[in-house]
Amino acid sequence: MLSNFLHGGTGTITPQSIRHSPEPDADMPTPETRPNNSPTNTNPQRRKRIVVAMTGATGAIMGIKVLIALRRLNIETHLIISKWAEATIKYESDYHPSNVKALADYTYNINDMAAPVSSGSFRTDGMIIVPCSMKTLAAIHSGFCDDLISRTADVMLKERRLVLVARETPLSEIHLRNMLDVTRAGAVIFPPMPAFYIRPGSVEDLVDQSVGRMLDLFDLDTRDFERWDGWKKE
Ligand SMILES: Cc1cc2nc3c(=O)[nH]c(=O)nc-3n(C[C@H](O)[C@H](O)[C@H](O)COP(=O)(O)O)c2cc1C
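Reading the values: the criteria
- Residues numbered from 1 in each chain as written.
- Predicted model: local features only at pLDDT ≥ 70, side-chain atom pairs only at ≥ 80, totals over all residues.
- Buried ≥ 20, exposed ≤ 12 C-beta atoms within 10 Å, placed from the backbone.
- Helix = DSSP H or I, 4+ residues; strand = E, 2+ residues; numbered from the N terminus.
- Pairing = 2+ DSSP bridges.
- Right-handed = clockwise from strand over helix to strand, strands pointing away.
- UniProt positions renumbered as here; feature names shortened; annotations may be inferred.
- Contact = placed C-beta atoms within 7 Å.
- Near = placed C-beta within 6 Å.
- Nonpolar A, V, L, I, M, F, W, Y, C, P; charged D, E, K, R; others polar.
- Arc of directions from axis to C-beta.

Strand residues, when the strand is regular, have side chains that alternate between the two faces of the sheet. Burial within strand 2 (residues 76–81) is extensive, with five of its six residues counted as buried. Two elements, strand 1 (residues 49–54) and strand 2, share six bridges in a ladder whose sense is parallel. If you follow I50 over to strand 2, its bridge partner there is T77. For the crossover from strand 1 across helix 2 (residues 60–72) to strand 2, the handedness is right-handed. Bridge analysis of strand 2 against strand 3 (residues 106–108) gives three bridges, and the strand direction is parallel. Residue pairing for strand 3: I80 is matched across the bridge by Y108.

Dropping the structure here:
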């Protein structure tokens, strides 16, 4: 069961660490967490800032581990979780979505189209959608921005770095075409493919290696996996 390692190390969730977000207003979604120290656009010495989005593809643990790794690296995180990501988090892990949100510095309601991250003028260092469903891939591909994840991804494509941990198998021609087109538009497709050359001893080893390679794309080193250094002779 994945639960054994989900709560280990730096990922440990305590009740004290859980922020309780207000319920969004039905008509006008509000930010889920806007602490007193709202994210600033002007401080030149601000922390590196990454937007993390989780959608309803299988692999919620990858998003959770990305958040844990970024927290350990002292990166400011802005989190958006889709409705189906909440469902897969509950089904696939021992985390409650509120525990996952507590790993981020800021979280936004997916319908809050006025959130800071929805604008290109809000400075960030990139966005990762992990895992990324084929539905969200298609929304990004078509530029159909009807929620905060697709809107922010649309902004990232024109302004900054966008990494899509696109997960589905097998892949249809539509999936492949969408991936090719968004790659041509500047996104990086990072399918979470297991790297067996690390000779993994557990699922955790595979997830850590994938998360490490994802964050390499933002020039961040988790130091949590072994890099290829040529054949190792016994
Ligand atoms: C348990 C479960 C696993 C799923 N796995 C995948 C997947 O690996 N890839 C995918 O594209 N969709 C998957 N889906 C379907 C998506 O959740 C669905 O298309 C949803 O509309 C995605 O919406 P979102 O991108 O807004 O989260 C899965 C759904 C469930 C319930």
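For the rest of this paragraph, the subject is the UniProt feature "binding site: FMN" (unreviewed entry) in the protein chain. Residues annotated by UniProt as "binding site: FMN" (unreviewed entry) correspond here to G56, A57, T58, S82, S133, M134, K135, T136 and R167. Inspection of the secondary structure assignment puts M134 in helix 5 (residues 134–142). Other than its neighbours up to four places away in sequence, M134 contacts E168 and H175. With respect to the helices and strands, K135 occurs in helix 5.

Looking now at the site of the ligand. In the neighbourhood of the ligand, 16 residues make up the surrounding shell, with T55, G56, A57, S82 and M134 lying closest. Broken down by secondary-structure element, the contributors of at least two residues to the shell around the ligand are helix 3 (83–92) and helix 5. Ranked by the residues each element gives to the shell around the ligand, the list is headed by helix 3, at five residues. Its residues assigned to classes, the shell around the ligand shows six nonpolar, seven polar and three charged.

Quick look at the sheet that holds strand 2 now. Whether parallel or antiparallel, the strands of a sheet pair through hydrogen bonds between backbone atoms. On the basis of which strands lie adjacent, the open sheet formed by six strands has the order 3-2-1-4-5-6 and parallel pairing. In the strand order of this sheet, the two ends are held by strand 3 and strand 6 (188–189), each with one partner. When strand 5 (residues 162–166) meets strand 6, the two strands line up parallel, connected through two bridges. The residue bridging V163 from the neighbouring strand is V188, located in strand 6.

This part is about the environment of A114. Checked against the element boundaries, A114 lands in the loop between strand 3 and strand 4 (127–132). Separated by 34 residues in sequence, A114 and L148 have C-alpha atoms that sit 8.6 Å apart.

What follows deals with helix 3. Looking only at helix 3, the buried set comprises A85, T88 and I89. Taken around the axis of helix 3, the buried residues stretch over an arc of 105°, which confines them to a single face. Residues of helix 3 that are exposed and point over 90 degrees away from its buried face: K83 and Y91. Residues of helix 3 that are buried sit in contact with strand 1, helix 2, strand 2 and helix 4 (97–101).

Turning our attention to the environment of M156. For M156, the location among the structural elements is in helix 6 (residues 148–159). On the neighbour-count criterion, M156 (24 C-beta atoms within 10 Å) is buried. Distance from M156 to V51, taken between C-alpha atoms, is 9.6 Å for residues 105 residues apart in sequence. Look past the residues within four positions of M156 in its chain and what remains in contact with it is G126, M127, R161 and L162.

All right, on to helix 5 then. Every buried residue of helix 5 is listed here: M134, T136, L137, A139, I140 and H141. The inward-facing, buried residues of helix 5 abut strand 4, helix 6, strand 5 and helix 7 (173–184). A positive phi of about 70° marks G143, the residue just after helix 5.

Among the six residues that make up strand 4, six are buried, leaving the element largely enclosed by the rest of the structure. Here strand 4 shows two buried faces, one formed by M127, I129 and P131 and the other by I128, V130 and C132. Note: strand 4 against strand 5, four bridges, orientation parallel. Along strand 5, the bridge assignment pairs M127 with L162.

Our focus in this paragraph is the environment of T183. Position of T183 relative to the elements: it lies in helix 7. For T183, a count of 12 C-beta atoms within 10 Å puts it in the exposed group. Considering only alpha carbons, one finds T183 and H141, 42 residues apart in sequence, at a separation of 9.6 Å.

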